[in-house]
2 protein chains.
Amino acid sequence: MFAVDNLFLQINSTTMKQKATLKNLSKTLNISISTVSRALKNHPDISDETKKKVKELAALMDYEPNTYAINLRTNKSNILGVIVPEISNFFYHSFIAAIEEEARRLNYMLLILQSANNAETELENLKLCRMNRVAGVFVALTSHTKEIKPFLQLEETGTPIIFCDKVPDFEACNKICSADAEATIISANAILKSNKRKVLAVLGNIDLSITKKREQVFKETLENSNEQINLEITHANSSEEATHKTLQYLSNNMQRPEVIFCMSDEILTGVMKAIYQTELKVPKDISVIAISNGFLPTLFSPEITHVVTSGIDLGKLAFKRMMDYQSGKTFAQELTIRARFVEGGSL
Amino acid sequence: MFAVDNLFLQINSTTMKQKATLKNLSKTLNISISTVSRALKNHPDISDETKKKVKELAALMDYEPNTYAINLRTNKSNILGVIVPEISNFFYHSFIAAIEEEARRLNYMLLILQSANNAETELENLKLCRMNRVAGVFVALTSHTKEIKPFLQLEETGTPIIFCDKVPDFEACNKICSADAEATIISANAILKSNKRKVLAVLGNIDLSITKKREQVFKETLENSNEQINLEITHANSSEEATHKTLQYLSNNMQRPEVIFCMSDEILTGVMKAIYQTELKVPKDISVIAISNGFLPTLFSPEITHVVTSGIDLGKLAFKRMMDYQSGKTFAQELTIRARFVEGGSL
DNA sequence: GTGAAAGCGCTAACAG
DNA sequence: CTGTTAGCGCTTTCAC
């Protein structure tokens, strides 16, 4: 204690204002920088006495290692890149939140980047990841991404890339996907079981592969059922457009669908607004089923029957894959999050 | 061109695999590192010829500056810290999205950290900011934060701290707030104007200063109106609790409120669920008004009349303040985002 | 057990 | 106009 008090005085008068660095610590203690460095990391070579001395002073001076120096020296970082088309989206939002939680637990930091659903911005984001020597990157591709070479190139230099949700076709890479087909099949089967025969499917941007996939599977499932289904399909690029399109179908009393399938949360909000604008009651006059991230359908009354593909689950699994990669399992692997049916009162 | 081709061959055979650094560039070009560095930054001293040569090679070798080296050398970074109690919250989410957008525009990167509404985690987050030599930090305090000294200390070392939304009482610091009182007054006045006299106010966690403030202002505004108002107040710590509490009031037919005031989006979702569980119709049987971030009220039908305090506006203003700070305006300043009344059909 | 020394990639005085 | 030099703070080999 006495020694420390002594030091304190000394520091107060001369070095207090100095930034605590290994060099400064070593100077005040009159030992070498390397010894200080080792002591702080509990290197076995260093005597307990020295360790104690060093650590006490370090605490006193609020020593904090300079991450830039460390990263420069070791040529790596504990930063993980996360590149998503957009943050303001239920799915990606919970995806990021899940990764954030895991990252914090395991002492990683996150560089969160959104591509504004723009392939060029995405490339820039990748560059930012490179420049920051990230330890790995999670990426959900934009719908316009044609070229994944830059990603694979980065991976070749030893930086793990985990493609999430929106993944490329190319096989030899790590992918974490939602069970899109499964979710769609579950939805279609629920509709079949409900015995409604006039079906309206409101889908997203027609250019997105996820839209194409869901459309195809949805159609097939209904067709293969041997039931006489009257299926209408429409596409909307936004919640507003979904409202608009849906209203057209609802206003035509002859053709009015008995059940509406919404392929996403965004579509669902649009569709529900359309329904509210009519006098139709759910589920008496019209039924609704959606594929969703899980939160939104519970806001309505009755709650909307939906199939969950969870961004949280996806984020957690992606993170786990990243950690496995970091510990050597670098082979390509495709993992899938299962879909889950959630009974609401809307079907 | 010939020269470049030549270089290419040379690179291909010997240096291609090397990481592009100033050193490597300088070696291949037989000029000094500093000249390369200057050429790349368009330093006026350097001849156009040299600049051209250097830039061509840099492009060819995919040169990317090492941010760690730069930050170490210059002892600063283009990273801004963002510390919020939680991301999964309409308000903070849009707050972050707004900052993200501005940051991207001005070439800053974001270190997004959530404190899980825990003062200790918040302190750790601050430490992460320090360790990363962030150029500034935006912070929305947790409701448990008692001690803001660590923040002020960081500011003393030259790192701007902008307190946002949940700000400390201490005056001598930069704050960006929503006009809480104003939003509450607008809500209360809307209720007074509606001539409903049985009012239920559903508020958030009673320990939060924002709750106290809104409660106090709400009460005062109603009291000062000289109208005979029958006001009930209840508190809920979660959406679920809000549902539960609201149901108790709704089930009692004698006492049933005519209008419900929801102090936040979270509360609003809970209250609406409760209403849905009864046979009551909005606004015929019961009216609703909320203070909100703007998105959620539009999901219901009729849309909920609300007062917007926008996370986006707050984020944008906070970012602007940060930039002003960076360019020298370091004096303490308190800025306020005005509230905006949005007519829905629920009152 | 401890220290000396080299170097990660870059910037910025200073010197020509 | 270009080069030399001295670090930023840290890790790590090698030597004692």
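Residues numbered from 1 in each chain as written. Chains lettered and ligands numbered in written order. Predicted model: local features only at pLDDT ≥ 70, side-chain atom pairs only at ≥ 80, totals over all residues. Heavy atoms only, no water.

### Description of the overall build of chain A
Formally: Secondary structure elements are defined from DSSP: runs of H or I of at least 4 residues count as helices, runs of E of at least 2 residues count as strands, and each element is numbered from the N terminus. Our radius of gyration looks at C-alpha atoms and nothing else; its globule reference is 2.2 Å times the residue count to the power 0.38. Contacts: residue pairs with any heavy atoms within 4.5 Å of one another. Only the protein chains shown count as cover for residues, and the accessible areas themselves come from Shrake-Rupley with a 1.4 Å probe. Neither His nor the chain termini are counted; the positive set is Lys and Arg, and the negative set is Asp and Glu. All charge positions are set by atom: Lys at NZ, Arg at CZ, Asp at CG, Glu at CD.
When helices and strands are tallied, chain A shows 13 helices and 12 strands. Over its C-alpha atoms chain A spans a radius of gyration of 28 Å, topping by over 25% the 20 Å that the globule rule assigns to 347 residues. If you line up chain A on its principal axes, its C-alpha atoms span 90 × 40 × 30 Å. Residue pairs in contact within chain A that sit at least 24 positions apart in sequence constitute 69% of those at least 6 positions apart. With an accessible surface of roughly 16,700 Å², chain A has 50% of that area assigned to carbon and sulfur atoms. Across chain A, the mean location of the 40 positive side-chain charges is 6 Å away from that of the 40 negative side-chain charges.

### Overview of the packing of aromatic side chains
What counts is decided by this rule: Any two rings among Phe, Tyr and Trp, with Trp reduced to its six-membered ring, count as a pair given centres within 6.5 Å; such a pair is stacked if its planes are under 30 degrees apart, edge-to-face if over 60, and tilted if neither. Charges are assigned to positions over rings by a cutoff of 6 Å between ring centre and Lys NZ or Arg CZ, combined with an angular limit of 35 degrees from the ring normal.
A complete count under the given rule lists 17 aromatic pairs over all chains for this structure. Geometrically, the ring pair formed by A:Tyr108 and A:Phe319 is edge-to-face, given 6.3 Å between the ring centres and 80° between the ring planes. With a gap of 211 residues between them, A:Tyr108 in the loop between helix H6 (90–105) and strand E2 (109–114) and A:Phe319 in helix H13 (residues 311–326) connect regions that are remote in the sequence. For the ring pair B:Phe90 and B:Phe295, a centre distance of 6.2 Å and an interplane angle of 45° mean the geometry is tilted. Residue B:Phe90 is located in helix H6 (residues 90–105), and its partner B:Phe295 is located in the loop between strand E9 (287–292) and strand E10 (305–308); the two are separated by 205 residues in the primary sequence. Ring-pair connections join several aromatic residues into one group, and the members of that group are A:Phe90, A:Phe295, B:Phe90 and B:Phe295. One cation-aromatic arrangement involves B:Arg321 over B:Phe331; the distance from NZ or CZ to the ring centre is 5.4 Å.

### Some remarks on the interface of chain A and chain B
Put simply, the rule reads: Values labelled buried area give the accessible surface lost by two parts on being combined, using a 1.4 Å probe and summing over both. In the sections that follow, a salt bridge refers to a side-chain nitrogen of Lys or Arg positioned within 4 Å of a carboxyl oxygen of Asp or Glu. In the analysis that follows, any N or O atom pair within 3.5 Å is treated as a polar contact, provided that within protein one partner can donate a hydrogen and the other can accept it, and provided that, for residues neighboring in sequence, both atoms belong to side chains.
Taken together, the contact pairs 45 residues of chain A with 45 residues of chain B. Carbon and sulfur atoms make up 57% of the surface buried where chain A meets chain B, a total of about 4,300 Å² over both sides. Inspection of the region where chain A meets chain B yields two salt bridges. Close ionic contact of A:Glu64 with B:Arg130 constitutes a salt bridge, the shortest N to O distance being 2.0 Å. Counting across the interface, chain A meets chain B through 20 residue pairs in polar contact (both at pLDDT 80 or more). Looking at the side of chain A that touches chain B, the elements with two or more residues in it are helix H5 (67–74), H6, E2, helix H7 (119–131) and helix H12 (265–277) of chain A.

### Let's talk about the protein's contact with DNA strand D
To keep things clear, this is the line we draw: In these notes, residues near a molecule or strand are those with any non-hydrogen atom within 4 Å of it. Ten residues, namely Ala, Val, Leu, Ile, Met, Phe, Trp, Tyr, Cys and Pro, are considered nonpolar, four, namely Asp, Glu, Lys and Arg, are considered charged, and the remaining ones, Gly among them, are considered polar.
The environment of DNA strand D is made up of 26 residues, and the closest members are A:Lys41, A:Tyr63, A:Arg73, B:Ser34 and B:Arg38. A distance of 3.3 Å is found between a phosphate oxygen of DNA strand D and a side-chain nitrogen or oxygen belonging to A:Lys23. Between DNA strand D and B:Ser34 there is a distance of 3.1 Å, counted from a base oxygen to a side-chain nitrogen or oxygen. Those elements that provide at least two residues to the surface near DNA strand D are helix H2 (22–29), helix H3 (33–40) and H5 of chain A together with helix H3 (33–40) and helix H5 (67–74) of chain B. The element contributing the most residues to the surface near DNA strand D is H3(A), with four residues. Tallied by class, residues from the surface near DNA strand D come to nine nonpolar, nine polar and eight charged.

### A few points about the protein's contact with DNA strand C
Residues in close proximity to DNA strand C total 26 residues, the closest being A:Thr35, A:Arg38, B:Leu22, B:Tyr63 and B:Arg73. For DNA strand C, the backbone portion of the atoms within 4 Å of the protein, that is sugar and phosphate, comes to 62%. Here A:Ser47 contributes a backbone N or O atom positioned 3.0 Å from a phosphate oxygen of DNA strand C. Here B:Ser37 contributes a side-chain N or O atom positioned 3.0 Å from a phosphate oxygen of DNA strand C. Contributing elements (two or more residues each) for the surface near DNA strand C: H3 and H5 of chain A together with helix H2 (22–29), H3 and H5 of chain B. It is H3(B) that provides the largest number of residues to the surface near DNA strand C, a total of four residues. When grouped by side-chain class, the residues that make up the surface near DNA strand C number nine nonpolar, nine polar and eight charged.

### Structural notes on the pattern of salt bridges
Residues and elements named next belong to chain A. Let me state the cut-off plainly: Exposure classes here rest on a 1.4 Å probe applied to the protein chains alone. A residue is buried below 20% of its type maximum, exposed above 50%, and partly exposed in between.
Taken as a whole and assessed by the stated rule, the structure comprises 27 salt bridges over all chains. Across the pair Arg214 and Asp180 runs a salt bridge whose closest N-O atoms are separated by 2.5 Å. Taken as a pair, Arg214 in helix H10 (residues 209–223) and Asp180 in helix H9 (residues 180–194) lie far apart in primary sequence, 34 residues in all. Neither Arg214 nor Asp180 differs from the other in exposure class; each is buried.

### Let's talk about the packing of helix H7 (residues 119–131) of chain B against helix H8 (residues 149–156) of chain B
All names here are of chain B. Which entries qualify depends on this criterion: Only C-alpha atoms enter the line fits that serve as axes; for helices the fit covers just the stretch in contact. Angles between N-to-C directions range over 0 to 180 degrees. Oblique is the label for any angle not under 35 degrees, not over 145, and not in the 65 to 115 range, which are roughly parallel, roughly antiparallel and roughly perpendicular in turn.
Contact pair H7 / H8: the axes reach a minimum separation of 10 Å and the direction vectors enclose 10°. Viewed along their axes, H7 and H8 adopt a mutual orientation that is roughly parallel. Across from Glu122, Leu123, Leu126 and Arg130 in H7, the residues of H8 making contact are Pro150, Phe151 and Leu154. Looking at the contact of H7 with H8, its residues break down into five nonpolar, no polar and two charged.

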